[in-house]
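Next come the chains, spelled out residue by residue.
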Amino acid sequence: MPSFFRRKILISILVAFIVIVTLIGFSMRDREEVTVPEQFILDTAGWVQTIFNTPIQWVNDSIETFQDVFRVYEQNEVLKGRLAEYEGLIVENQELEKENEELRGTIGKSEGLSEYSPVQATVIARSSERWFEQVTVNRGAEHGVEKDMAVITKDGLIGKVQSTAAFHSTVKLLSGFDISNKISSWVVREEGDNVFGLIEGYDEESGRLVLGGINLEAQLNEGDQVISSGLGGVFPSRLQIGSVDEVRNDEYGLTKTALIEPAANLYEINHVIIARRSEQTVDTGRAGDEES
Amino acid sequence: MKHVWLCLLALLLIALEGMAMNLLPSSLLYGEWQIVPHWTLLFVLLLSIYYDSNETYQSLWYALGTGLFVDIVYTDVIGIHMMVYVLVVYIVHGLNKLLQSNVLVVTLLVLFGVVTGDTLLYIIYSFLNIAEMDWGTYAMQRLLPTMIGNVVFFLFTFVFLKYLMQKLADDN
């Protein structure tokens, strides 16, 4: 029965191929939530990583503390100098906050788009398949993390939540962003209005973000700060993204494109904050599309 | 019982792959040369060489399982590592039948497995528009360092894994 045997192999190869293609198709479409088995597997790997990560993190942190102790004197001198500056800033800040509150009161809005409740998390792993720029953090749906939330470090935005399991979630880094992950942002101008633009992707070669759709009339300088605008509906506003590095006209000459140097280091990430926006202006059913 | 041990070891390696990417110094990982750890693939390759006899194909099931885990934990697209791991393990299993197994041959087999696996992944991911790198850059910046990195890891863990797998296989 060699012919039957050969046919059996052929059929199983075909079936396997169909199954694989179905799986790829199923997982590549834009999903709101990953399935329960996937969440379970993500959590299982997450727990193993947490177990090993805890002592390593502890040693790492102690070394850092140790190094800090040696620099205390220098830092103290610098900080003393800064303190005087801050005194003035605090007063100014208080006044502005008060004014802001009053103004908000007059238009009947209690919270701005910039407010968010932070969820502290630690990075426990990074994708070993390097075509995917993603990291795993040790906070998940149980801690209030949801898909598409902004993830920041103390320096600035690093990415957004891609999928959540019960206790762990994966974060897509800025370096893995493409045309389908737009962030509406503002280039901060000292005088005049902020300039609007959309982060449209990441230039792998130079390691910079591409900010497109800028008005042709707008004047941008090197070093201008770029922040999130919060208009997309998911990200809070005023998250630091980076600074303008290079400006050029786009291929059709209708808008300008700027290359942005990310503010945060995308390679050494330890502690992150997941920004859960306080005010949900619209039901995020389809409104989140701009940033998803 | 021995399957429990092997599964735990596989899970541990999958978890460690990602942790290594996070913990190793970034100057080593994110410089000009990009090393991709394929430790799980190494594990299933050794499984097919030392654990399976010429007639048994249990390592294929391990390849299927670990591939699925890697897909879910580290990528967005399910099914690709699964397919590649099974394919590579099947080829290496076939080659292993023809060759006698001494250290040099096993190292070459593993090297062949890693290179085939990584290249297949690159080809599939570029079809899916996930990998955007031309062939020359890929070969120099990624394939070569990956090859070296994984062989170094293999040489470090080889003795332990070989001992473990032969012991478990003898219990059959």
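Everything quoted here is computed from the prediction, not taken from an experiment.

Conventions adopted
- Residues numbered from 1 in each chain as written.
- Chains lettered and ligands numbered in written order.
- Predicted model: local features only at pLDDT ≥ 70, side-chain atom pairs only at ≥ 80, totals over all residues.
- Heavy atoms only, no water.
- Helix = DSSP H or I, 4+ residues; strand = E, 2+ residues; numbered from the N terminus.
- Rg over C-alpha atoms; globule rule 2.2 N^0.38 Å.
- Buried < 20%, exposed > 50% of the residue type's maximum accessible area, 1.4 Å probe, protein only.
- Contact = heavy atoms within 4.5 Å.
- Areas by Shrake-Rupley, 256 points an atom, 1.4 Å probe, with all protein chains shown as cover.
- Lys, Arg positive; Asp, Glu negative; His and termini not counted.
- Charge placed at Lys NZ, Arg CZ, Asp CG, Glu CD.
- Pairing = 2+ DSSP bridges.
- Core = buried A, V, L, I, M, F, W, Y, C linked by side-chain atoms within 4.5 Å.
- pLDDT = per-residue confidence, 0-100.
- UniProt positions renumbered as here; feature names shortened; annotations may be inferred.
- Polar contact = N/O pair within 3.5 Å; in protein donor to acceptor, adjacent residues only side chain to side chain.
- Patch = residues over 30% accessible without salt bridge, like charges linked within 9 Å, V, L, I, M, F, W, Y side chains within 5 Å.
- Salt bridge = Lys/Arg side-chain N within 4 Å of Asp/Glu carboxyl O.
- Axes fitted to C-alpha atoms, helices over the stretch in contact; angles between N-to-C directions.
- Buried area = accessible area lost by both parts, 1.4 Å probe.
- Nonpolar A, V, L, I, M, F, W, Y, C, P; charged D, E, K, R; others polar.

Further remarks concern the overall build of chain B. Across its full length, chain B carries seven helices and zero strands. Each helix and strand of chain B, placed in order from N terminus to C terminus, yields the pattern α-α-α-α-α-α-α. A compact globule built from 172 residues should have a C-alpha radius of gyration of about 16 Å, and chain B, at 16 Å, falls within 12% of that. Counting only C-alpha atoms and orienting by the principal axes, one finds that chain B spans roughly 45 × 30 × 30 Å. Here chain B holds 172 residues, and 52% of them are scored as buried. Considering only contacts in chain B between residues 6 or more positions apart, those separated by 24 or more positions represent 71%. Total accessible area computed for chain B in this model is approximately 7800 Å², and 71% of it derives from carbon and sulfur atoms. Measuring between centres, the 5 positive side-chain charges of chain B sit 14 Å from its 11 negative side-chain charges.

Here we come to the pairing of strand β5 (residues 169-173) of chain A. Residue and element names in this part refer to chain A. Among the five residues that make up β5, five are buried, leaving the element largely enclosed by the rest of the structure. The two faces of β5 match: S169, V171 and L173 on one face and T170 and K172 on the other face are all buried. Sheet analysis places strand β2 (residues 134-137) next to β5, joined by four bridges and oriented antiparallel. The residue bridging T136 from the neighbouring strand is T170, located in β5. Sheet topology places strand β4 (residues 157-164) next to β5; five bridges connect them, and they run antiparallel. The residue bridging S163 from the neighbouring strand is T170, located in β5. Hairpin connection of β4 to β5: four residues between the antiparallel strands.

The subject of this paragraph is the nonpolar core. If you look at the biggest cluster of nonpolar residues, it comprises 60 residues, and the most contacted ones within it are F43, L46, V106 and V110 of chain B. Where this core is concerned, the elements lending two or more residues are α1 (2-28) and α2 (36-107) of chain A together with α1 (2-23), α3 (39-51), α4 (58-74), α5 (80-98), α6 (103-127) and α7 (135-170) of chain B. Ranked by residue count, the leading element in this core is α3 of chain B, at eleven residues. Those residues in contact with V110 of chain B that sit more than four places away from it in its chain are L42, L45, L46, I49 and F154 of chain B. Core analysis: the second largest hydrophobic core is formed by 41 residues, M149, V187, A218 and A258 of chain A among them.

With that settled, consider the confidence of the model for chain B. Of all residues in chain B, 99% have pLDDT values of 70 or greater, and the mean over the chain is 89. Taken element by element, the predicted model of chain B shows its lowest mean pLDDT in helix α2 (residues 26-29) of chain B (76) and its highest in α6 of chain B (93).

Bringing the UniProt feature "transmembrane region" (unreviewed entry) in chain B into the picture now. Those residues carrying the UniProt feature "transmembrane region" (unreviewed entry) are residues 36-53, 60-92, 104-131 and 143-165 of chain B in this numbering. Helix makes up 86% of residues 104-131 of chain B and strand 0%, with an end-to-end C-alpha separation of 33 Å.

All right, on to the UniProt feature "transmembrane region" (unreviewed entry) in chain A then. UniProt's entry tags residues 9-28 of chain A with the feature "transmembrane region" (unreviewed entry), counted in the numbering of this structure. End C-alpha to end C-alpha, residues 9-28 of chain A measures 28 Å, and it is 100% helix and 0% strand.

A few words on the UniProt feature "domain: Rod shape-determining protein MreC beta-barrel core" (unreviewed entry) in chain A. This chain's UniProt record puts "domain: Rod shape-determining protein MreC beta-barrel core" (unreviewed entry) on residues 123-275 of chain A. Annotated as 0% helix and 46% strand, the span residues 123-275 of chain A places its first and last C-alpha atoms 15 Å apart.

All names here are of chain A. Of all residues in chain A, 91% attain a pLDDT of 70 or more, and the chain-wide mean is 84. Predicted confidence in chain A is weakest over helix α3 (residues 284-287), with a mean pLDDT of 42, and strongest over β5, with 93. Here residues 281-292 is modelled with pLDDT under 50, and outside its nearest four sequence neighbours on either side it reaches 23 contacts, counting other chains as well.

We now examine the side chain of S229 of chain A. All names here are of chain A. With respect to the helices and strands, the residue S229 is situated in the loop between β9 (225-228) and β10 (240-249). You can call S229 buried: its relative accessible area is 1%. A polar side-chain atom of S229 sits 3.2 Å from the main-chain amide nitrogen of L231.

Inspection of the secondary structure puts A15 of chain B in helix α1. According to the relative accessible area criterion, A15 of chain B is buried, its value standing at 1%. Not counting chain neighbours up to four residues away, the residues in contact with A15 of chain B comprise A45, V48 and Q49 of chain A together with Y74 of chain B.

Turning our eyes to something else, we now look at a nonpolar patch on the surface. Residue and element names in this part refer to chain B. Together, W33, M140, L144, I148, V152 and F156 line one region of the surface with nonpolar side chains, adding up to about 620 Å² of accessible area. Within the secondary structure layout, V152 lies in helix α7. Judged by relative accessible area, V152 falls into the partly exposed class, the value being 41%.

Moving on to the sheet that holds β2 of chain A. In a beta sheet, neighbouring strands are held together by backbone hydrogen bonds and run either parallel or antiparallel to one another. Around the barrel, six strands lie side by side as β1-β2-β5-β4-β3-β12 (chain A); this closed barrel has antiparallel pairing. Across the sheet, the mean angle from the axis of one strand to that of its neighbour is 45°, orientation sign disregarded.

So, on to the interface of chain A and chain B. Taken together, the 33 residues of chain A in the interface contact 40 residues of chain B. Summed over both partners, the interface of chain A with chain B comes to about 3600 Å²; 68% of that surface belongs to carbon and sulfur atoms. Here chain A is connected to chain B by one salt bridge. Where chain A meets chain B, there are twelve residue pairs in polar contact (both at pLDDT 80 or more). When contributions to the side of chain A that touches chain B are tallied by element, the ones reaching two or more residues are α1, α2, β1 (116-126) and β5 of chain A. Sorting elements by how many residues they give to the side of chain A that touches chain B places α2 of chain A first, with eleven residues. A per-class count over the side of chain A that touches chain B returns 17 nonpolar, ten polar and six charged.

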